[in-house]
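# Descriptive structure summary
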Amino acid sequence: MKLKKLFHALVLAGTALGAVHCGGGTSTPPGSNSTGGQLLPDGGIPDGGTGGTGGTGGMPGGPPGW
Amino acid sequence: MSESKVPSLQDVVAGTWGARYRIETEASLRFGALARRLDAFGAPRALSELAERASRDETRHAAHCERFFRAAGGQQLTGVDHVVEYAPASWAEPQRLTYEVVAQSCLAETQSTASLVTLLEGAESQELKAVLHELARDEVHHSRLGWAYLAWARPRVDFSFLGPLLPGMVAGSAGPEIFKPAPEGADHPDLLRQGVVPHSLRRQVYVETLESVVFPGFESLGVDAAAARSWLGKTLSDARLIPG
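Think of each chain on its own: its residues are numbered from 1, step by step along the sequence as written. Both sets of labels track the order of writing: A upward for chains, 1 upward for ligands. Thresholds applied to this predicted model are a pLDDT of at least 70 for local features of residues and 80 or more for the giving and counting of side-chain atom pairs; totals over whole chains, interfaces and linings are not thresholded and use all residues. Derived side-chain values reflect all non-hydrogen atoms in the structure, with water molecules and hydrogen atoms excluded from consideration.

## Quick look at the overall build of chain A
For the purposes of this entry, the term helix denotes a DSSP run of H or I that reaches at least four residues, the term strand denotes a run of E that reaches at least two, and both are numbered from the N terminus. The secondary structure content of chain A amounts to one helix and zero strands. Any residue under 20% of the maximum accessible area for its type is buried, any over 50% is exposed, and the rest in between are partly exposed; the area is computed with a 1.4 Å probe on protein chains only. Residue burial in chain A is summarised as follows: out of 66 residues, 36% are buried. By element, 60% of the accessible surface of chain A is carried by carbon and sulfur atoms, the whole surface being about 3,300 Å². What sets the accessible areas is the Shrake-Rupley method with a 1.4 Å probe; for residues, cover comes only from the shown protein chains.

Quick look at the structure:
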């Protein structure tokens, strides 16, 4: 696989997109809580692990990919 | 004749498309929530629009996964209908949002893109090729969202909290099975023709993508990947995948 091409297509292209908007937005000062609530809809019972529906509130994990 | 418990190739194919259906339905919900959250955080509209688009894309992807699941003889399909965030609720909003965007886009979607590119090379049917092409095209944008967010957020959010958490994020995303020996039937080379990356190749692609795309990407944007690199080295060594 051409990983160098992937790096360009994802990381560098994404970085360029973000950089274009660097002066934009109305940034929220770090430390504030702009939504004041649970991030994701409905909450639910966290089951952690992989392919699950969320974290455990302890050691955070991440969603699975393909 | 004794009954074999070894899963057939079709079982593995159906199981994989079923798992992908869950991944896609979960991702659709996560991107929908991230779009609202990015707006609330004051991120550029271009980023929240990318997340909105990704949410719609993932719903369409889930329908493709369901079709291939059924075609492979799959019966029971379960999607994800609710999600909670991985970041602890006790964190401040900028850290929580950053963690969620990075976990979903920089990591999971980047890895998915790499898997799809791998699959494109081996797909057998024109229908499968067309779908994989469509998905790969979309996932590129889903991944870029994360890297774009980091570039935008860099002057606004202190990323120093993230580095020590990357091993847990990567381990959670990879899943515990990827560094174990292949389950029965999961390493068959014919799987590639049916849209499934054989276990050993999947691990190879995963590791190479971390080393050549994800970790350098983090480092280029001010996120310390040293802990994640150490974790990967130790994990591979423990699994005897590289000399200890």
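## Remarks on the packing of aromatic side chains
Only rings of Phe, Tyr and Trp enter the pairing, Trp through its six-membered ring, and a pair is recorded when the two centres are within 6.5 Å. The plane angle decides the type: under 30 degrees is stacked, over 60 is edge-to-face, the rest tilted. Inspection of every chain in the model, using the stated rule, returns eight aromatic pairs over all chains. On the numbers, 5.6 Å between centres and 90° between planes, the contact of A:Trp66 with B:Trp17 is edge-to-face. One end of the pair, A:Trp66, is in the segment after helix 1 (3–20); the other, B:Trp17, is in helix 1 (residues 9–41), on a second chain. Residue class for A:Trp66 comes out buried when judged on its relative accessible area of 7%.

## Section: the pattern of salt bridges
Opposite charge on two side chains allows them to pair when their charged atoms are near. Residues and elements named next belong to chain B. Definition used for salt bridges: Asp or Glu carboxyl oxygen within 4 Å of a side-chain nitrogen of Lys or Arg. In the structure shown here, the tally under the stated rule is 20 salt bridges over all chains. Note that Glu-100 is salt-bridged to Arg-30, the shortest N-O span being 3.7 Å. Highlighted residues: Glu-100 in helix 3 (residues 93–122) and Arg-30 in helix 1, separated in sequence by 70 residues. Given the relative accessible area of 5%, Glu-100 is considered buried. Notably, a salt bridge pairs Arg-229 with Glu-219, separated by 2.9 Å at the nearest N-O pair. With Arg-229 in helix 7 (residues 226–238) and Glu-219 in helix 6 (residues 199–220), the pair connects residues that are ten residues apart, well separated along the chain. On the basis of relative accessible area, Arg-229 is assigned to the partly exposed category, the value being 34%. Residue class for Glu-219 comes out partly exposed when judged on its relative accessible area of 36%. What you see here is one network of salt bridges that share partners, running through Arg-53, Asp-57, Arg-60, Glu-134, Arg-137 and Asp-138.

## Quick notes on the confidence of the model for chain A
Per residue, pLDDT captures the predictor's confidence, and it can take any value from 0 to 100. Chain-level statistics for chain A give a pLDDT mean of 63 and a share of 42% at 70 or above. Whether two residues touch is decided by their heavy atoms; if any such pair falls within 4.5 Å, the residues are in contact. Segment residues 26–52 of chain A: pLDDT under 50, and 72 contacts once partners within four positions in sequence are set aside and those in other chains are kept.

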